[in-house]
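Tertiary structure, described
Here is how the chains run, residue by residue.
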Amino acid sequence: MHRDLRSYRSLLHPLWIGALALLVLNDHALKGSGLLPGWLTGKLSDFAGLLVAPVVLASLLRVTSRRGFLGAHVATGAVFSAIKLAPDAARAVEGLMALTPIPWSITVDPTDLVALPLLLVSYRVLGEAARQPEPTRRPIGRRLALMAGSLACVATSYEPVPCGEGEECLPPQPQEIASLLIGNTTETEQLFRVRRLRESARVDCSFMLADPASALSRDLFANAETWLIAPGRALPLRNAGCDAYLIDADGLPLTLLAWSAEEFPEQLLVTSTESSLPERTIALQRAGTRLELAEHPAVFDAPPAETPPAADACGVSIKGSRLDWTLPVSEAAVLTGITSSPDGCHALALDRGETFFLCAPVEAIPFSDGELIRVSPVEIDGGTYPERPKGERAFARGLHIESETHAVLVLRGNVLARGTMVGRQASADFLAELTPLDGCSGFHDACGSRVAPLEASLLGDGVSGVVSLRAGESATLAEGAETLLLVRAEDMPVRDAECFTAPIDQPRLLESVWIAAAAAP
């Protein structure tokens, strides 16, 4: 590695000194003066700063190689890009600088990246200057330039609020990236308790916002965080998609907030009630001896503490069976015994002492002791099925069991089981249409997911007329040669993806069993 470079030699180059002068003039005279537009003064700081900062960094680190000089430029560009693209990075740097006498206020603006080519100019021009021999030693000039450049870089992001004639100058207003704010307009500090939807919650935004109190359950919200908000300050709430919060405080009953980022996108908001945007601020105010949140499109009544009972028509879906299984080690083995338990699960014992489990209606196990069975997993990923929700890819996982007498396909996903999925010739090529179950508008399950039961209507070849199926019912197909058992048919527009009742993370969950006579040898 050639060490023919001295970074400090660039500090007296006319380009670097000119950039430093522009940076100081712009930050301490032009910004807020009204002589130039605010967007222009901001860009000037970026252009000048990317010429000044990498040389200052290289000089402070006493870089003596071309690789090190390049590294200083890359590091400068990486930090600059991060704080202009990522609000979290900008807030982290602001928090660090808040510990110093010169706080920063960083505006997250991706258009500022237009200044990045100045790093190349700095590396080429000022890097060449750092490799040139010094005509005379000027240590005092270099040290003064380095001190001035360091101070200019540290202070460049601080932009004072302009003051009018006769007005008292005010410090910059506190700002946060947020969608909405809860502003404390009372005269005392308020301790807020905030519960956000769990990270595992999946929400159909249009469904939720149509009636949030009915669509959501309290079980879907995470544990509460507490925030102490001073009078005149506001609590920022973020939402990059579709979100909901439960808010309460001493004197404030539990209240639901729900909105979409399409309606209220995240942006940099002033967290002071005096300067915040009215349409983005939900005011916490006095209502006699109690507190209340002012009327706002995102404010709703909280979901009830006790989940309302489901209608009688939903009973089959609530109490119905559920499919589950394990895979045996051996693909082919002799069945030596079946032991059933009250919860609908069956232990299938195989020779060689192996056992696997299948939780399904008893009709799904038409096998007898002594039969040789073959067990294999089934995966559906794509394909055309009419019951597949619009805009979604067909997706399902299952288990195929075949003996000399019967073939069974146990399937869980967003499509129904068919013989063609396991290579059988289509004898019952049915079409299926799924519609909401009459008399059951939906209910919340044990995990808080919103469940809307469905009814399946089958028609086509192998189906006699139109056959309607609800959970727990079966249909005879192909003149009795095949049977389709519908175990579960539900839409889940609001759900907990980590809950055991929703083993596949998708808004439509169908569980079905296809049973047929074994294929001819």
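Reading the values: rules and limits
- Residues numbered from 1 in each chain as written.
- Predicted model: local features only at pLDDT ≥ 70, side-chain atom pairs only at ≥ 80, totals over all residues.
- Heavy atoms only, no water.
- Pairing = 2+ DSSP bridges.
- Helix = DSSP H or I, 4+ residues; strand = E, 2+ residues; numbered from the N terminus.
- Axes fitted to C-alpha atoms, helices over the stretch in contact; angles between N-to-C directions.
- Salt bridge = Lys/Arg side-chain N within 4 Å of Asp/Glu carboxyl O.
- Buried < 20%, exposed > 50% of the residue type's maximum accessible area, 1.4 Å probe, protein only.
- Phe/Tyr/Trp six-rings, centres within 6.5 Å; stacked < 30°, edge-to-face > 60°.
- Lys NZ or Arg CZ within 6 Å of the ring centre and 35° of its normal.

Here we look at the pairing of strand S3 (residues 190-196)
Note that S3 and strand S5 (residues 225-229) share five bridges and pair antiparallel. Bridging across to S5, Val 194 finds its partner in Glu 225. Across five bridges, the pairing between S3 and strand S7 (residues 242-249) is antiparallel. Bridge assignment links Arg 193 to a residue of S7, and that residue is Asp 248.

Some thoughts on the sheet that holds S5
With antiparallel pairing, the five strands of this open sheet are ordered in space as S5-S3-S7-S8-S12. Across the chains shown, the open sheet's two edge strands, defined by having one partner strand only, are S5 and strand S12 (299-301). Taking the axes of each pair of neighbouring strands and ignoring which way they run, one obtains an average angle of 35° across the sheet.

Looking at the sheet that holds strand S2 (residues 180-184)
Across the sheet, which stays open at both edges, the four strands sit in the order S6-S2-S10-S11 with mixed pairing between neighbours. Taken across any chain shown, the strands that pair with only one partner, and hence form the sheet edges, are strand S6 (234-237) and strand S11 (290-293). Put simply, the sheet's adjacent strands are angled 20° from each other on average, direction ignored. Here S2 pairs with S6 via four bridges, running antiparallel. Within S6, the residue paired with Gly 183 across the bridge is Ala 234.

Digging into the pattern of salt bridges
Evaluation of the coordinates by the stated rule reveals 15 salt bridges. The shortest N-O distance in the salt bridge between Lys 84 and Asp 112 comes to 2.9 Å. Of this pair, Lys 84 sits in helix H3 (residues 66-85) while Asp 112 is found in the loop between helix H4 (87-97) and helix H5 (117-131), placing the two residues 28 residues apart along the sequence. Classification of Lys 84 by relative accessible area gives buried; the value is 9%. The exposure class assigned to Asp 112 is buried, which follows from its relative accessible area of 5%. A network of salt bridges, in which partner residues are shared, links Lys 43, Asp 46, Lys 84 and Asp 112.

Considerations on the packing of aromatic side chains
Applying the stated criterion across every chain, the model contains two aromatic pairs. Look at Tyr 245 and Trp 259: their rings are 5.6 Å apart centre to centre, the planes differ by 10°, and that puts the pair in the stacked class. A residue pair is termed long-range when its members are at least 10 positions apart, and Tyr 245 in strand S7 and Trp 259 in strand S8 (residues 252-260) qualify at 14 residues. What makes Trp 259 buried here is its relative accessible area of 0%. The ring of Trp 325 has Arg 412 sitting right over it, with the charged end atom 4.8 Å from the ring centre.

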